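Given next are the chains, with one letter for each unit.
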Amino acid sequence: NAGVTQTPKFQVLKTGQSMTLQCAQDMNHEYMSWYRQDPGMGLRLIHYSVGAGITDQGEVPNGYNVSRSTTEDFPLRLLSAAPSQTSVYFCASSPNYNSPLHFGNGTRLTVT
Amino acid sequence: EDQVTQSPEALRLQEGESSSLNCSYTVSGLRGLFWYRQDPGKGPEFLFTLYSAGEEKEKERLKATLTKKESFLHITAPKPEDSATYLCAVQANYGGSQGNLIFGKGTKLSVKP
């Protein structure tokens, strides 16, 4: 099992550009989520999904979109990148809402 | 407001010098408390889940304990490979998005040989 795979590992964007961060898991987990990690702050939840076709907002959803068309994939879209979105983004999955999370190794995004 | 506070922010130990990391939390109802380890450039890796006061979990040199307002991660005779950032997260027993994990800022542990 590869676990949770995130691509790309690094990305540099200019302000106003859009992009999609990819996340895939091969553990047949129902629950998937996106977090951002900034220096001096705890991980903050952006969006999450409890199953295919179901998504909901977390603590910091503004500027991000998600969709969940399959159990395996949960892409995160930045619509118009801003410098405030410079961060490390982690995708995580778990069998259900209450189980421990399995994290990917992150995407480091810089917006100039 | 639900909060998770970890202390100290950073801890430097000599190999073999035992110590404890603290995680205090304020949630009206706790569903579970989670400990994770994060190595530089990697995603967090799950260590323990604790559900009720008095519960303890152990794994090698690590032991996690839980009271009604805080959790401790005890590290016995640490080795350099225990160096990492340790994250604590709590899950409240509310429904919907309020039941999602709240993470602390972490404790960065360095163990010198």
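Residues numbered from 1 in each chain as written. Chains lettered and ligands numbered in written order. Predicted model: local features only at pLDDT ≥ 70, side-chain atom pairs only at ≥ 80, totals over all residues. Heavy atoms only, no water.

Enquirer: Describe the pattern of salt bridges, naming the residues involved and giving the relevant values.
Expert: Residue and element names in this part refer to chain A. Evaluated as defined, the whole model comprises six salt bridges over all chains. Among the salt bridges present, the one from D38 reaches R36, with a minimum N-O distance of 2.9 Å. Both residues of the pair, D38 and R36, belong to the buried class. Via salt bridges that share partners, R36, D38 and R44 belong to a single interconnected network. (Salt bridge = Lys/Arg side-chain N within 4 Å of Asp/Glu carboxyl O. Buried < 20%, exposed > 50% of the residue type's maximum accessible area, 1.4 Å probe, protein only.)

Enquirer: Requested: an account of the interface of chain B and chain A, with residues and values cited.
Expert: Chain B puts 20 residues into the contact, and the matching count from chain A is 19 residues. When chain B packs against chain A, the two sides together hide about 1500 Å² of surface, and 51% of this comes from carbon and sulfur. When the area that chain B buries against chain A is broken down by residue, the three leading residues are B:P44, B:N100 and B:F103, summing to 30%. At the boundary of chain B with chain A, the tally comes to zero salt bridges. At the boundary of chain B with chain A, the tally comes to nine residue pairs in polar contact (both at pLDDT 80 or more). Of all elements in the fold, only β4 (30-38), β5 (45-50), β9 (84-92) and β10 (101-103) of chain B reach the threshold of two or more residues within the side of chain B that touches chain A. Residue contributions to the side of chain B that touches chain A peak at four residues, all from β4(B). Split by residue class, the side of chain B that touches chain A holds seven nonpolar, ten polar and three charged. (Contact = heavy atoms within 4.5 Å. Buried area = accessible area lost by both parts, 1.4 Å probe. Polar contact = N/O pair within 3.5 Å; in protein donor to acceptor, adjacent residues only side chain to side chain. Helix = DSSP H or I, 4+ residues; strand = E, 2+ residues; numbered from the N terminus. Nonpolar A, V, L, I, M, F, W, Y, C, P; charged D, E, K, R; others polar.)

Enquirer: Give me the lowdown on the packing of aromatic side chains, citing residues and values where you can.
Expert: Summed over the entire model, instances satisfying the criterion amount to ten aromatic pairs over all chains. With 5.9 Å between their ring centres and 45 degrees between their planes, B:Y36 and B:F103 make a pair best called tilted. Of the two residues, B:Y36 is situated in strand β4 and B:F103 in strand β10; the sequence distance between them amounts to 67 residues. In this structure B:Y36 comes out as buried when scored by relative accessible area, which is 0%. According to the relative accessible area criterion, B:F103 is buried, its value standing at 6%. The residue whose ring lies beneath A:R68 is A:F74, and the NZ or CZ to ring-centre distance is 6.0 Å. (Phe/Tyr/Trp six-rings, centres within 6.5 Å; stacked < 30°, edge-to-face > 60°. Lys NZ or Arg CZ within 6 Å of the ring centre and 35° of its normal.)

Enquirer: For the environment of A:T112, give the residues involved together with the corresponding values.
Expert: Residues and elements named next belong to chain A. Tracing the sequence through the fold places T112 in the segment after β11 (107-111). Overall, T112 belongs to the exposed group, its relative accessible area being 52%. Sequence separation of T112 and A81 is 31 residues, and the distance between their C-alpha atoms is 9.0 Å. Filtering out sequence-adjacent residues up to four positions away, T112 remains in contact with V12, L13, K14 and T15.

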